[in-house]
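# Remarks on the overall topology
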Amino acid sequence: MKGVPCSDNFIWGPEEALRNLYYDQSIADQILAVTPSEAQMDTMLKNRFAVAKFGWQPRWYNPDLEKWLHRIKLPTLVVWGDDDKIMPPEYGVLWQDRLPAARLIRVKECGHLPHVEHSALVAQHVRDFWEGVAS
Amino acid sequence: MKLVSFHLMPYRPLDLEEAAKHRSPWVVLPNRLYDPVKGAEEYARHIDALVYAEQLGFDAIGVNEHHQTAYGLMPAPNLIASALIQRTSRVQIAVLGRALPLVNNPIYIAEEFAMLDVMSKGRLIAGFVRGIGSEYHSSGTNPYFSHERFHEAHDLIVRAWTEPGPFAFHGDHFSLQYVNLWPRPYQSPHPPIWIPSQGSSETVAWASHPDRRYPFLVTFSSADLVARYHTTYREQARKYGYDAAGGQLGWACPIYVADTDERARAEGGRALETLFNDFLRQTFEMLMPPGYTSIGSMKNFISSRRALGGGRMTADGLIESGTALIGSPKTVLTGIERMREQTGFDILVALLQFGILSDELTRRNMDIFASEVMPHLRD
């Protein structure tokens, strides 16, 4: 999204990057207490390479795609953490504005991963959304 | 032996204590810490020192490119090279080098180098580099495509220098309907191409290929590592079916000479420490953005770093490991000769100003190097 910079998680160190994913730092503490295996490290490195290939420049967005958002006409639920340090909540607002049938849920006290940090709440929203669409 | 006097042009007035509060003196160091008035003086003094090297008998004087950092103030090294051409008449001018992947149209690099070559009547040495990891943060260039862009830009530049134009070039990263250089380079077929590197096996294999045989300069490494990279280059050349010449192997090294070892350490030690601890300080994420090296090389780097540990480097440690040559003329000469016996390298890129080393000490260092060391390196 032009004018709303994402954070630069490519320059963050591993602990910083992990901590910045979560509002609730106790989750980060739990993950940091576990040493990843060699295989997990390999997967993380591979993911990092893939993510750089697509997300490095422009950082985390493709300026050509915004103009197509209006084509997503299906009912859509957008869930965004209010304290997302990777992609600011303005992104969620943009999606709500551009998608003809979108509803935005902003989750309070929540970072980049609402489904991890507030799983019960997010599950409830998904269920409600699903039932609303089905009926 | 070919002798190059090389400068990084660090910003010496930097408030080191203030700079230490930031993640790195690269990319994110607030530029309010740069004072253009002091900066003007810095450019003048650094250029004076390089010009003086011609008088002392060096074969070449060298500059290089780095971006958004107090470590080196030459984001556009060709501007400095152009000034050096006007103030010298004999020495070669080595730009070590331009970072090819960072530009969106490499023809501009081909053109600027051709201009410098013509302006200097064939005194240019053209260095090609990928730029260090931090440069991918500061330029926004995607590190994932760094190798591809380097190779493609190289091919385009060499073709632009050597093939009759106009012609069209269609690559994966650069596409041009018209390639038609005005001016063409002065040297035929083109200026010598050198490859400064911190030594990746991929780069060694590429530079030593019989189609290229580019001199490979190892920078900022311990003597053991320098010898290993030189040996790798020689072995690779042999695999290709030829013997590498000494002129294909270079060593870029901080050097400080004084009449005794003690004095050299006392005068040059602190400046050396600032180079490695203050000006070069970068995080792993800055040095190794994803894709800058293969996953395998990155894993090697991670494990070697874990083995090395963190902490400040000391002048003694840097001297012991042969990362820098600091001492009496005899000590410095021994260090050079020892490497020569091991690898037969024939290009010495001497960093005679480094870190916060003052103009006065730089000048004294250059004088003693020229009078006491240089004569012994002339074959």
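Predicted, not measured: the structure shown is a model, and the values here were computed from it.

What counts and what doesn't
In this numbering scheme, every chain counts its residues from 1 along its sequence in written order. Working convention: letters from A go to chains and numbers from 1 go to ligands, in the order in which they are written. Residue-level local features of this predicted model are given only where pLDDT is at least 70; pairs of side-chain atoms are given and counted only at 80 or more, and the full residue set underlies all totals for whole chains, interfaces and linings. Water and hydrogen atoms were dropped before computing side-chain values, which therefore reflect all heavy atoms in the structure. Two residues qualify as a contact provided that any one of their heavy atoms is within 4.5 Å of a heavy atom in the partner residue. The quantity reported as buried area is the accessible area (1.4 Å probe) lost by two parts once they are put together, taken as the sum for both. Each reported salt bridge corresponds to a side-chain nitrogen of Lys or Arg within 4 Å of a carboxyl oxygen of Asp or Glu. By the criterion applied in these results, polar contacts are pairs of N or O atoms within 3.5 Å in which, for protein atoms, one can donate a hydrogen and the other can accept it, and in which residues neighboring in sequence qualify only through two side-chain atoms. Counting from the N terminus, the helices are DSSP H or I runs at least four residues long and the strands are E runs at least two residues long. Any residue that is not Ala, Val, Leu, Ile, Met, Phe, Trp, Tyr, Cys, Pro, Asp, Glu, Lys or Arg is counted as polar, Gly included; the first ten are nonpolar and the last four charged. Where helices are involved, their axes are fitted lines through C-alpha atoms of the stretch in contact, as for all axes, and angles between N-to-C directions lie from 0 to 180°. Under this scheme an angle from 65 to 115 degrees is roughly perpendicular, one under 35 degrees roughly parallel, and one over 145 degrees roughly antiparallel; angles in between are oblique. With the far helix as reference, a near helix turned anticlockwise by less than a right angle produces a left-handed crossing, and one turned clockwise produces a right-handed crossing. As used in this record, nonpolar core signifies buried Ala, Val, Leu, Ile, Met, Phe, Trp, Tyr and Cys residues forming a set joined through side-chain atoms within 4.5 Å. Per-residue accessibility, obtained with a 1.4 Å probe over protein chains only, is compared with the maximum for each type, and a residue is labelled buried under 20%, exposed over 50%, and partly exposed between these values. Note on ring pairs: Phe, Tyr and Trp rings are taken, using the six-membered ring of Trp, and paired if centres are within 6.5 Å. Classes follow the plane angle, with under 30 degrees stacked, over 60 edge-to-face and the rest tilted. Confidence scores here are pLDDT values: one per residue, from the predictor, ranging 0 to 100. The reported arc concerns the directions from the helix axis to the C-beta atoms and nothing else. In this scheme, strands are said to pair when DSSP sees at least two bridges between them. Where each domain begins and ends follows an automated or database-derived domain assignment.

Attention shifts here to the interface of chain B and chain A. The interface of chain B with chain A comprises 21 residues on the first partner and 17 residues on the second. Both faces combined, the contact of chain B with chain A buries some 1700 Å², and carbon together with sulfur accounts for 66% of it. The interface formed by chain B and chain A includes three salt bridges. A salt bridge links Arg23(B) to Glu16(A); the shortest N-O distance between them is 2.7 Å. Where chain B packs against chain A, one counts eight residue pairs in polar contact (both at pLDDT 80 or more). For the side of chain B that touches chain A, the elements supplying multiple residues, two or more each, are α5 (133-139), α10 (284-287) and α11 (295-308) of chain B. Tallying contributions element by element places α11(B) first for the side of chain B that touches chain A, with three residues. Residue composition of the side of chain B that touches chain A, grouped by class: 11 nonpolar, seven polar and three charged.

Our next topic: the packing of helix α2 (residues 36-56) of chain B against helix α14 (residues 359-377) of chain B. Residue and element names in this part refer to chain B. The contact between α2 and α14 brings their axes to 11 Å, and the two run at 15°. With respect to their mutual orientation, α2 and α14 come out roughly parallel. Read as a crossing pair, α2 and α14 show a hand that is right-handed. Residue-level inspection shows Arg-45, Ala-49, Tyr-52, Ala-53 and Leu-56 of α2 in contact with α14, the latter providing Asp-359, Arg-363, Met-366, Asp-367, Ala-370 and Met-374. Grouping the amino acids of the contact of α2 with α14 by side-chain chemistry returns seven nonpolar, no polar and four charged.

Take the nonpolar core next. All names here are of chain B. With 81 residues, the main nonpolar core has Phe-128, Trp-161, Ile-255, Leu-348 and Phe-369 as its most contacted residues. Once residues within four sequence positions are removed from consideration, Ile-255 is found in contact with Leu-325, Val-332, Leu-348, Ala-350, Leu-351, Leu-352, Phe-354, Asn-365 and Phe-369. The next biggest cluster of nonpolar side chains, apart from the first, holds 58 residues, and it includes Leu-96, Leu-217, Leu-318 and Leu-357.

Scanning the model with the defined rule gives 16 aromatic pairs over all chains in all. Relative to Trp56(A), the ring of Phe10(A) has its centre 4.7 Å away and its plane inclined at 40°; by these criteria the two rings are tilted. Residue Phe10(A) is found in the segment before α1 (14-19), and its partner Trp56(A) is found in the loop between α3 (38-55) and β1 (76-81); the two are separated by 46 residues along the sequence. The two residues Phe10(A) and Trp56(A) agree in class, both being buried. Ring geometry for Phe113(B) and Phe128(B): centres 6.3 Å apart, planes at 25°, overall stacked. Remark: Phe128(B) occurs in strand β4 (residues 124-129) and Phe113(B) occurs in helix α4 (residues 107-119); sequence separation between them is 15 residues. Here Phe113(B) falls in the buried class, since its relative accessible area comes to 0%.

Residues and elements named next belong to chain B. Inspection of the secondary structure assignment puts Ala-81 in helix α3 (residues 77-87). As a C-alpha pair, Ala-81 and Leu-275 span 194 residues in sequence and 23 Å in three-dimensional space. In contact with Ala-81, not counting residues within four places along its chain, are Ile-93, Val-95 and Leu-116.

This brings us to the confidence of the model for chain B. Counting all residues, the mean pLDDT for chain B is 96, and 98% of those residues have values of 70 or more. If you check the scores for this complex, the pTM reads 0.94 and the ipTM reads 0.90.

Turning to helix α4 (residues 90-98) of chain A, its buried residues number three or more, namely Tyr91(A), Gly92(A) and Leu94(A). Projection of α4(A) onto a plane perpendicular to its axis shows the buried side chains occupying an angular sector of 160°, all on one side.

Residue and element names in this part refer to chain B. By the secondary structure assignment, Ser-82 is in helix α3. In this structure Ser-82 comes out as partly exposed when scored by relative accessible area, which is 23%. Between the C-alpha atoms of Ser-82 and Asp-15, which are 67 residues apart in sequence, the distance is 30 Å. For Ser-82, the contacting residues outside a window of four places in its chain are Leu-116 and Met-119.

Moving on, we get to the pairing of β4(B). All names here are of chain B. Where burial is concerned, most of β4 is hidden: six out of the six residues are buried. What you see with β4 is no split at all: Leu-124, Ala-126 and Phe-128 on one side and Ile-125, Gly-127 and Val-129 on the other are buried throughout. Across five bridges, the pairing between strand β3 (residues 92-99) and β4 is parallel. What sits directly across from Val-95, in β4, is Ala-126.

Our focus in this paragraph is the domain arrangement of chain A. All names here are of chain A. Under the domain assignment used here, chain A contains domain 1 (9-55) and domain 2 (65-134). At the interface, eight residues of domain 1 touch 10 residues of domain 2. Interface area for domain 1 against domain 2, summed over the two sides, is near 810 Å², with a carbon-plus-sulfur share of 67%. At the junction of domain 1 and domain 2, the tally comes to zero salt bridges. Where domain 1 meets domain 2, there are three residue pairs in polar contact (both at pLDDT 80 or more). By residue class, the composition of the side of domain 1 that touches domain 2 is five nonpolar, two polar and one charged.

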